[in-house]
Amino acid sequence: MGIYGALFLGIIVFAINYWTTLAWLPSLTAALKQGSYTFLFGGFIMKLCEYLAISIKHPIPAVGIAILIPAIIALSLTYGIHNLRGTPRPLASTIPTLLIIPAAGFVAYMKRKEKVKTSVPAKKQR
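Quick look at the structure, then. These figures come from a predicted structure and were not determined experimentally.

Turning our attention to the packing of helix H1 (residues 2-21) against helix H2 (residues 24-55). H2 packs onto H1 with a crossing angle of 155° between their chain directions and a minimal axis gap of 7 Å. On the basis of the axis angle, H1 is roughly antiparallel to H2. Handedness of the H1/H2 crossing: right-handed. Every residue of H2 that contacts H1 at Gly2, Ile3, Gly5, Ala6, Leu9, Gly10, Val13, Phe14, Asn17, Tyr18 and Thr21 is listed here: Trp24, Ser27, Leu28, Ala30, Ala31, Gln34, Gly35, Thr38 and Phe39.

The following block contains the structure:
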C-alpha cells in the first residue's frame, strides 16, 4: 500500500508542478520528495490514526481526533518538505495530501468498529 500511495501522490505532485511550470526536473524533484515521504511516513501516520481511534473512550471524539491530529501532522510535514528548495509550487504540491482526511476517517471508523465488535462480550446461549 505504501508503494501505491507513493506512486499515486508522486504522479499527482509531478503533474501539478509540471502543468504550472513546464519544468520537468523541479517537478520530478517534487514528485520524488512526495513519493518518498508518503512511502516512509504514511504507515506511521495511519498507525497513529488507529491508536487514537481506539485509545480515546468516547467514539465520536475518538474518530474526530484520529482524523484531525494525523491530518495536521501530515499536512504540516508535507508542506515543510515541499517548502524546501526544489519544489516550484509547495502549496499546490501539498493539496493532494488532503486525501489523508477521508483515508484517516475510513481507517479510524473501521478500527473503532473493530474495537467495539471485539470488546462486546458474546451472549451465553442457554
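Think of an α-helix as 3.6 residues a turn; residues three or four steps apart then line up on the same face. Taking 1.5 Å of rise per residue, the 20 residues of H1 would be expected to cover 28 Å, and the 28 Å separating its terminal C-alpha atoms lies within 8% of that figure. Turning to H1, its buried residues number three or more, namely Ala6, Leu9, Gly10, Val13 and Asn17. Seen along its axis, H1 keeps its buried residues to an arc of 110°; they face one direction. Facing away from the buried surface of H1 by more than 90 degrees, the exposed residues are Tyr4, Ile11 and Trp19. The elements touched by buried residues of H1 are H2, helix H3 (59-83) and helix H4 (90-94).

Okay, the packing of aromatic side chains next. On inspection of all chains with the given rule, the structure shows two aromatic pairs. Centroid distance Phe14 to Tyr18: 5.7 Å. Interplanar angle 5°. Geometry classified as stacked. With Phe14 and Tyr18 both in helix H1, this residue pair falls four residues apart, about one helical turn. Here Phe14 falls in the partly exposed class, since its relative accessible area comes to 29%.

Reading the values: the criteria
- In this numbering scheme, every chain counts its residues from 1 along its sequence in written order.
- Totals for whole chains, interfaces and linings use all residues, but because this is a predicted model, local features are given only for residues with pLDDT of at least 70 and pairs of side-chain atoms are given and counted only at 80 or more.
- The basis for the side-chain values is all heavy atoms of the structure; hydrogens and waters are excluded.
- Lines are fitted to the C-alpha atoms to define the axes, a helix being fitted only along its stretch in contact, and any angle between axes, read from their N-to-C directions, falls within 0 to 180 degrees.
- Put simply, DSSP marks the helices as runs of H or I at least four residues long and the strands as runs of E at least two long, and each gets a number from the N terminus on.
- Angles below 35 degrees are treated as roughly parallel, those above 145 as roughly antiparallel, those between 65 and 115 as roughly perpendicular, and all remaining angles as oblique.
- Handedness of each helix crossing follows the sense of rotation of the near helix against the far helix: counterclockwise by less than a right angle gives left-handed, clockwise gives right-handed.
- In this analysis, two residues are considered to be in contact whenever any of their non-hydrogen atoms come within 4.5 Å of each other.
- Multiplying 1.5 Å by the helix residue count minus one yields the expected span of that helix.
- Summary of the burial criterion: residues with accessible area below 20% of their type's maximum are buried, those above 50% are exposed, and those between are partly exposed, where the area comes from a 1.4 Å probe applied to protein chains only.
- Throughout, the arc means the angular range of directions from the helix axis out to the C-beta atoms.
- Geometry of aromatic contacts follows a simple scheme: Phe, Tyr and Trp rings, the Trp one being its six-membered ring, pair when their centres are within 6.5 Å, and the pair is stacked under 30 degrees between planes, edge-to-face over 60, tilted otherwise.

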